[in-house]
Amino acid sequence: MTEPKLLGEVLRERGVSRRAFLMYASCMSSLMALPPSAAAAMAEGLAKARRQSVIWLSFQECTGCIESLTRSFSPSLEDLIFDFISLDYQHALQAASGEAAEDARRHAMRDNKGKYIVVVDGSVPMGDGGVYSTIAGQTNQQMLAETVADAAAVVAVGTCAAFGGLPQAQPNPTGAVPIEQLVAGKPVINIPGCPPLPQAMAGTITQILAFGKLPELDALKRPRAFFGESIHDRCYRRPFYKRGQFAKSFDDEGARKGWCLYELGCKGPVTYNSCATTKWNGGVSFPIQSGHGCIGCSEPGFWDMGGLYRPLASSARPLQRVVPIAAAAGVAVGAGTALLARKRLAGASQQGDKT
Amino acid sequence: MDLLSHPGDGTADAADTPLDGAVAAVLREVAAMLQRLARDPAFDDAIDLMSLQLDDDARARLRRRLGRGEVDATLDLGGCTRIRETAYAGAWWVWRDDADERTQFEQIVVARVPALLRTHPEDVAAAARRLAVELDAAPGRTETP
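Quantities reported herein were computed from a predicted structural model and do not represent experimental measurements. Here the residue numbers are simple positions, counted from 1 along each chain's written sequence. The order in which chains are written sets their letters, starting at A; the order in which ligands are written sets their numbers, starting at 1. Local features are withheld for residues below a pLDDT of 70 in this predicted model, meaning they are given only at 70 or higher, and side-chain atom pairs are given and counted only at 80 or more; totals for whole chains, interfaces and linings count all residues. Excluded from the side-chain calculation are hydrogens and water; included are all heavy atoms of the structure.

Peer 1: What should I look at first to understand the overall build of chain B in this one?
Peer 2: Across its full length, chain B holds 3 helices and 5 strands. What counts as a helix is a DSSP run of H or I of at least four residues, what counts as a strand is a run of E of at least two, and both are numbered from the N terminus. Going from N to C terminus, chain B has its helices and strands arranged as α-β-α-β-β-β-β-α. Out of the 145 residues belonging to chain B, those deemed buried represent 39%. In what follows, residue pairs with any heavy atoms lying within 4.5 Å of each other are defined as contacts. A separation of at least 24 residues holds for 52% of the contacts in chain B among residues at least 6 apart in sequence. Working note: accessible area of chain B is about 8300 Å², and carbon and sulfur atoms make up 53% of it. When a residue's accessible area, from a 1.4 Å probe over protein chains only, is under 20% of the maximum for its type it is buried; when over 50% it is exposed; and in between it is partly exposed. Only the protein chains shown count as covering a residue, and every accessible area follows the Shrake-Rupley method with a 1.4 Å probe.

Following this line, the structure appears as C-alpha cells:
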C-alpha cells in the first residue's frame with residue numbers, strides 16, 4: 001500500500017502554505033502556554049505528520065462534546081484540525097449508517113492497526129449486562145473493547161467519558177463507568193468538561209500529531225496545558241475574593257459590581273480547567289464572566305458535589321470543614337483552598353476516583 | 001474605521017507614557033531581548049501577551065510606548081494577521097483578530113524578520129515547480145514582447 005502523503009504536501013496542494021501551519025501552531029502554542037519558540041517545532045512536526053485516523057465512539061452522551069468541537073471555531077485557520085485528522089467513524093457526522101458505518105470502523109481499524117486514535121464521549125453502562133446502551137447489536141463495553149484493541153491511544157472527551165459524568169450521578173441507574181476503568185494497556189487521556197473546551201480537544205490532538213507523544217498529564221490524566229490551573233487561579237474576580245467581597249444573591253449590589261460568586265456556589269476553587277483564560281464562543285465569555293458561578297463540570301463527581309448553588313462551604317464533600325474559614329476570612333485563604341483542592345485531586349487519583 | 005487598528009495605536013513619541021509594573025517589566029524584557037539580537041543576528045524570540053494578565057489599558061500603554069516603525073504587513077491566512085514593526089527596530093508587534101475583531105493571538109516578537117513573514121523553503125520549491133510547469137504548458141505566452 002502506498003504510504004499516505006505528509007500533511008504539508010497534502011495541504012500545500014490545497015493552497016495551504018507552511019506559513020499557515022506556523023500561524024496555526026503559534027495560536028495553539030499560545031493557548032497551551034507553551035514557549036513561543038515551540039510554535040516552529042510544532043509547525044514542522046505537523047507538516048511532517050500523516051493524516052491521523054480517528055475513530056470516535058459515542059456511548060452514554062448527549063452529543064454536546066462533538067457539537068463543542070465542530071461548532072465553536074469560526075471558519076478560519078482553526079478548521080485545519082479537521083484537515084489534520086481523518087474522522088473515520090462518528091455517529092453524528094458520518095453519512096453512512098447501519099452495517100456500512102460499522103464496516104467503515106472496522107476498515108479503519110484494519111488499515112491503521114496500531115496507529116489510530118480512539119476518541120470516546122459518553123460513559124459505558126455496565127449494569128444488567130450493559131443493555132442500557134447498545135450499537136449495532138453490541139453493548140458499549142463490547143464495542144469499546146473491540147475498537148481499542150489495536151489503537152495507539154484513547155482520548156476520553158467530556159466528563160461522562162473521563163469520570164462517569166451525569167450518567168454516573170447518584171443513584172447511577174445504569175451502572176455507568178468512565179472509559180479509563182475499561183481500558184488496559186493503552187495510554188488514556190482525559191479531556192473533561194461538560195462540554196470540554198474545543199481548544200483542549202483540538203490542542204491535545206495537535207500536540208500528539210506534531211510531537212508524536214502524549215502531552216504532559218496531571219494525576220487525573222488531563223493535559224496540564226489546559227487543566228494545570230484552577231478556574232479560581234485565573235479568575236478575574238479573584239481580587240474580590242481576596243478582599244472578602246462576595247455576592248450574596250444573583251441580583252444584589254455585589255453581583256452588580258462583579259464581586260466573587262463563591263457564596264453563590266461557585267466551584268472555581270476546586271475546578272481545574274482553562275475556561276477563565278481561553279473562554280467560550282471564540283473568547284467572548286465564560287460562566288463567571290456572565291454572572292454565574294463555575295459548576296465544576298471538569299471534575300469527578302461534579303453533579304453530586306452538594307448542589308450547583310450551594311457554596312463549597314456547605315457541600316457534602318470533605319471540603320466543608322475547611323472552606324467556611326475561607327469565606328469568612330477572605331484574605332490569604334485562597335492558597336489554602338487551592339492546596340486543599342490539589343490534595344483532593346491527588347486523593348481522587350489514588351482511589352481510582354470512586355467519587 | 002481600520003478594522004485592525006488597536007486602541008492606543010500611536011507614533012513613537014510616547015516616552016512620557018506612564019508605566020506601571022507589568023508594562024515596565026515587559027519593556028525591560030524587550031530591551032534585554034533587543035540587546036541579545038544586537039549581539040546575535042539569528043536571535044528570534046517572543047513574549048506571548050495572551051499569557052500575561054494585562055488589561056486593555058495596560059496593553060494600550062505598552063503599545064503607545066513602543067510606537068510604530070517602518071513596516072506594517074498584513075497576512076491573509078484564513079483570517080487577518082498583522083505584523084507591525086515598533087519604533088524600536090527588531091521589535092515587532094504581531095497579532096491576529098478573528099472575524100468578530102477579537103484578538104486571538106498577540107505577541108511581541110524580537111527578531112530581524114519575524115518567522116511568519118519569511119517564506120518557507122518548501123513553499124519556495126513548490127512555487128518554483130508550479131511556475132515552471134505553467135510556463136512549459138503555455139510557452140507562447142511567455143515570450144518577451
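Peer 1: How do you make sense of the interface of chain B and chain A when you look at a structure like this?
Peer 2: Quite often, the size of an interface is put as the accessible area lost when its parts meet. Contact residues are listed per partner, giving 24 residues for chain B and 21 residues for chain A. When chain B packs against chain A, the two sides together hide about 2000 Å² of surface, and 52% of this comes from carbon and sulfur. Salt bridges, as used here, are contacts in which a Lys or Arg side-chain nitrogen is within 4 Å of a carboxyl oxygen on Asp or Glu. Along the contact surface separating chain B from chain A lie 3 salt bridges. Polar contacts, as used here, are pairs of N or O atoms within 3.5 Å; protein pairs need one atom able to donate a hydrogen and one able to accept it. Residues neighboring in sequence count only if both atoms are side-chain atoms. Our count for the contact surface shared by chain B and chain A stands at 11 residue pairs in polar contact (both at pLDDT 80 or more). A quick way to say it: buried area is the sum, across both parts, of accessible area lost when two parts are put together, with a 1.4 Å probe.

Peer 1: Would you mind showing me how to read the pairing of strand β3 (residues 80–85) of chain B here?
Peer 2: Residues in a regular strand project their side chains so that they alternate between the two faces of the sheet. Residue and element names in this part refer to chain B. Of all 6 residues making up β3, 5 are buried, and the element is well covered by its neighbours. Both strand β2 (residues 72–76) and β3 contribute to a ladder of 5 bridges, which runs antiparallel. Residue A73 lies in a different strand from β3, and its bridge partner there is I83. Following DSSP output, two strands are said to pair if at least two bridges run between them. Counting the residues that bridge the hairpin from β2 to β3 gives 3 residues, and of these G78 lies at a positive phi of roughly 55°. With 6 bridges connecting them, β3 and strand β4 (residues 91–97) associate as antiparallel partners. Counted as the bridge partner of E85 is W92 from β4. Connecting the antiparallel pair β3 and β4 is a turn made up of 5 residues, with G90 showing a positive phi of about 100°.

Peer 1: Whenever I open this one, the sheet that holds strand β3 (residues 117–121) of chain A confuses me. Can you help?
Peer 2: Paired through their backbone hydrogen bonds, the strands of a sheet run either parallel or antiparallel. Residues and elements named next belong to chain A. Taken in spatial order, the 5 strands make up an open sheet running β2-β1-β3-β7-β9, and their pairing is parallel. Because the sheet does not close on itself, it has two edges, and the strands there are β2 (85–89) and β9 (188–191). For this sheet, the mean inter-axis angle between neighbouring strands, taken without regard to orientation, is 25°. Relative to β9, strand β7 (residues 153–157) runs parallel, the two being bridged by 4 bridges. Along β9, the bridge assignment pairs V155 with I189. The strands that helix α9 (residues 198–211) touches are β1 (52–58), β2, β3, β7 and β9; relative to β9, the one it contacts most, it runs at about 155°. Axis definition: a line fit to C-alpha positions, over the contact stretch in the case of helices; interaxial angles, taken between N-to-C directions, run 0 to 180 degrees.

Peer 1: Before we go on, may I ask you to explain the sheet that holds strand β1 (residues 45–48) of chain B in this structure?
Peer 2: Residue and element names in this part refer to chain B. With antiparallel pairing, the 5 strands of this open sheet are ordered in space as β1-β5-β4-β3-β2. In the strand order of this sheet, the two ends are held by β1 and β2, each with one partner. Going from strand to strand, the sheet's axes swing by 20° on average, the running direction of each strand aside. The strands touched by helix α2 (residues 56–66) within the sheet are β3, β4 and β5 (103–110), with β4 carrying the most contacts at an inclination of about 140°.

Peer 1: Is there a simple way to explain empty space enclosed by the protein in this structure?
Peer 2: A probe as big as a water molecule, rolled over the atoms, marks out the empty space that is left. Residues and elements named next belong to chain A. Cavity: a set of points on a 1 Å grid over the protein atoms alone where a 1.4 Å probe fits but cannot get out. Pocket: an open set with protein on both sides within 12 Å along at least five of seven lines, its lining residues, like those of a cavity, having an atom within 4 Å of a point. Grid points are joined across faces, edges and corners, and a volume is the space filled by probe spheres set on the points. For the coordinates displayed, the defined rule picks out 4 cavities of 30 Å³ or more. Empty space within the largest cavity amounts to approximately 90 Å³. Taken together, H232, C235, R237, R238, Y241, C260, L261, Y262, C266, G268, P269 and I288 form the lining of the largest cavity. The nonpolar class holds Ala, Val, Leu, Ile, Met, Phe, Trp, Tyr, Cys and Pro. Asp, Glu, Lys and Arg form the charged class, and all remaining residues, Gly among them, are polar. Partitioning the lining of the largest cavity into residue classes produces 8 nonpolar, 2 polar and 2 charged.

Peer 1: Help me out: how do you make sense of the environment of A:S30 in this one?
Peer 2: Inspection of the secondary structure puts A:S30 in helix α2 (residues 18–31). Residues within four places of A:S30 in sequence aside, it is in contact with B:D48, B:M50 and B:F105.

Peer 1: Please explain the domain arrangement of chain A as it appears in this structure.
Peer 2: All names here are of chain A. In this entry, domain limits derive from an automatic or database-based domain assignment. Once the domains are mapped, chain A shows domain 1 (7–225) and domain 2 (231–354). Taken residue by residue, the interface counts 18 residues in domain 1 and 18 residues in domain 2. Carbon and sulfur atoms make up 65% of the surface buried where domain 1 meets domain 2, a total of about 1600 Å² over both sides. Counting every contact that joins domain 1 to domain 2 gives 1 salt bridge. The partner of R222 in a salt bridge is E299, and the shortest N-O contact between them spans 2.9 Å. At the boundary of domain 1 with domain 2, the tally comes to 4 residue pairs in polar contact (both at pLDDT 80 or more). Where the side of domain 1 that touches domain 2 is concerned, the elements lending two or more residues are α8 (159–163) and α9.

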